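Structural overview
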Amino acid sequence: MSQPSAPRKTPGRPARISREDIIETGRRIVTEEGVDRLTMRRLAKDIGSTPMALYHHVRDKEELLVLLLDDYATRTMHRPELPADPRERIVVAASAIHDVLAACPWIVEVLTADDLMSTSALWFVEQIVGGLMECGLNPERAVHAYRAIWYYTAGEIVVRTAAARRRAADERPTYREQVFAGLDPSEYPRLAQVADRWAPLTAEDTYVVQLRALVDGLLLTR
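Keep in mind that this is a model prediction, so the values were computed, not measured.

**Section: helix α5 (residues 86–102)**
For α5, spanning 17 residues, the distance from its first C-alpha to its last is 24 Å, which sits close to the expected 24 Å at 1.5 Å a residue. Burial analysis of α5 places 12 of its 17 residues in the buried class, which makes it a mostly covered element. Along α5, the positions that sit buried rather than exposed are P86, R89, I90, V91, A93, A94, S95, A96, I97, H98, V100 and L101. Those residues of α5 hidden inside the fold are in contact with α4 (61–76), α6 (105–111), α7 (122–134), α8 (139–169) and α12 (207–219).

**Looking at the UniProt feature "domain: HTH tetR-type" (unreviewed entry) in the protein chain**
Per the UniProt entry, the sites bearing "domain: HTH tetR-type" (unreviewed entry) are residues 16–76 in this numbering. Span residues 16–76 is 70% helix and 0% strand, its end C-alpha atoms 28 Å apart.

**Some details on the confidence of the model for the protein chain**
In this model, the protein chain carries an average pLDDT of 87, and 91% of its residues clear a pLDDT of 70 or more. Averaged pLDDT values over the elements of the protein chain bottom out at 82 in α6 and peak at 97 in α12. Considering only residues more than four positions removed or in separate chains, one finds that residues 1–11, a stretch of pLDDT under 50, has 0 contacts.

**Here's the deal with the nonpolar core**
Ranked by size, the top nonpolar core spans 57 residues in total, and within it W106, I128, L132 and I149 carry the most contacts. Residue contributions to this core peak at 8 residues, all from α5.

**Here we look at the UniProt feature "DNA-binding region" (unreviewed entry) in the protein chain**
UniProt tags residues 39–58 as "DNA-binding region" (unreviewed entry). Secondary structure content for residues 39–58 is 60% helix and 0% strand, and the end C-alpha separation is 12 Å.

**A few points about the side chain of T25**
Tracing the backbone shows T25 in helix α1 (residues 19–33). Among the residues examined, T25 registers a relative accessible area of 13% and is labelled buried. Excluding residues that lie within four positions of it along the chain, T25 makes contacts with L43, D46 and I47.

**Observations regarding the packing of aromatic side chains**
Tallied over the entire structure, the rule returns 3 aromatic pairs. Ring plane angle 5° and centroid distance 5.2 Å describe the contact between Y152 and Y207, whose orientation is recorded as stacked. Within this pair, whereas Y152 is found in helix α8, its partner Y207 is found in helix α12, the two being separated by 55 residues in sequence. Y207 gets classed as buried once you look at its relative accessible area, which sits at 2%.

**With respect to α4**
Spanning 16 residues, α4 covers 22 Å between terminal C-alpha atoms, matching the ideal 22 Å at 1.5 Å per step. Within the span of α4, buried status applies to L64, L65, L67, L68, L69, D71, Y72 and A73. Where α4 is buried, its residues contact α1, α2 (40–47), α5 and α6. Sitting at the head of α4, D60 places a side-chain oxygen 3.2 Å from the backbone nitrogen of E62.

**Let's talk about the packing of α1 against α4**
Axis separation between α1 and α4 bottoms out at 10 Å; the angle between their running directions is 90°. One element, α1, and the other, α4, form an angle in the roughly perpendicular class. Contacts from R19, I22, I23, G26, R27 and V30 in α1 reach E63, L64, L67, L68, D71 and R75 in α4. When its residues are assigned to classes, the contact of α1 with α4 shows 6 nonpolar, 1 polar and 5 charged.

Calculation criteria
Residues numbered from 1 in each chain as written. Predicted model: local features only at pLDDT ≥ 70, side-chain atom pairs only at ≥ 80, totals over all residues. Heavy atoms only, no water. Helix = DSSP H or I, 4+ residues; strand = E, 2+ residues; numbered from the N terminus. Expected span 1.5 Å × (residues − 1). Buried < 20%, exposed > 50% of the residue type's maximum accessible area, 1.4 Å probe, protein only. Contact = heavy atoms within 4.5 Å. UniProt positions renumbered as here; feature names shortened; annotations may be inferred. pLDDT = per-residue confidence, 0-100. Core = buried A, V, L, I, M, F, W, Y, C linked by side-chain atoms within 4.5 Å. Phe/Tyr/Trp six-rings, centres within 6.5 Å; stacked < 30°, edge-to-face > 60°. Polar contact = N/O pair within 3.5 Å; in protein donor to acceptor, adjacent residues only side chain to side chain. Axes fitted to C-alpha atoms, helices over the stretch in contact; angles between N-to-C directions. Parallel < 35°, antiparallel > 145°, perpendicular 65-115°, else oblique. Nonpolar A, V, L, I, M, F, W, Y, C, P; charged D, E, K, R; others polar.

Here it is, written out as structure tokens:
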């Protein structure tokens, strides 16, 4: 009597993945290695799946980045209590954006491309634009003023992050510090006066102070 044949072995299938797995792994990659290292192929490898399996959840890298932006905004961008004064409301809302993004600089890199955004963060933009309009700017000027505030906020974070990365990687004096140390007072009298304090002065956190000055200047265009 013949024995029943053994069941045929089928090739193993990739593990089932969820959108939460994708977001968690994508967040780890961009946090530890940067946005440039995030690809669908790399993401699939780290999850233990295939790029084709990922496409059932996300269309491409752009959609993945939007998911990561929304995830971060939902977890960290808590709406602050806003003051009644519209000028102070602008400062509080912009400062909240700054503090959240400063803790996660890779997001600034994505946002400064100016085509991706998190819809969860629009509440903060609404408060800033609304405050500018309540202070007397028409809608067009309010948008332009918001753009100036955003450029200042993003630029401040990008410069500080790059400087911190440079100091962490190399403790030697920077080229700028070497140049400032040898400034000729007869040619650069004012810079030479503060040359030895330039680095600590420019490293001071004066974001809110300068933000208030910027808002005051923008509102003069009324």
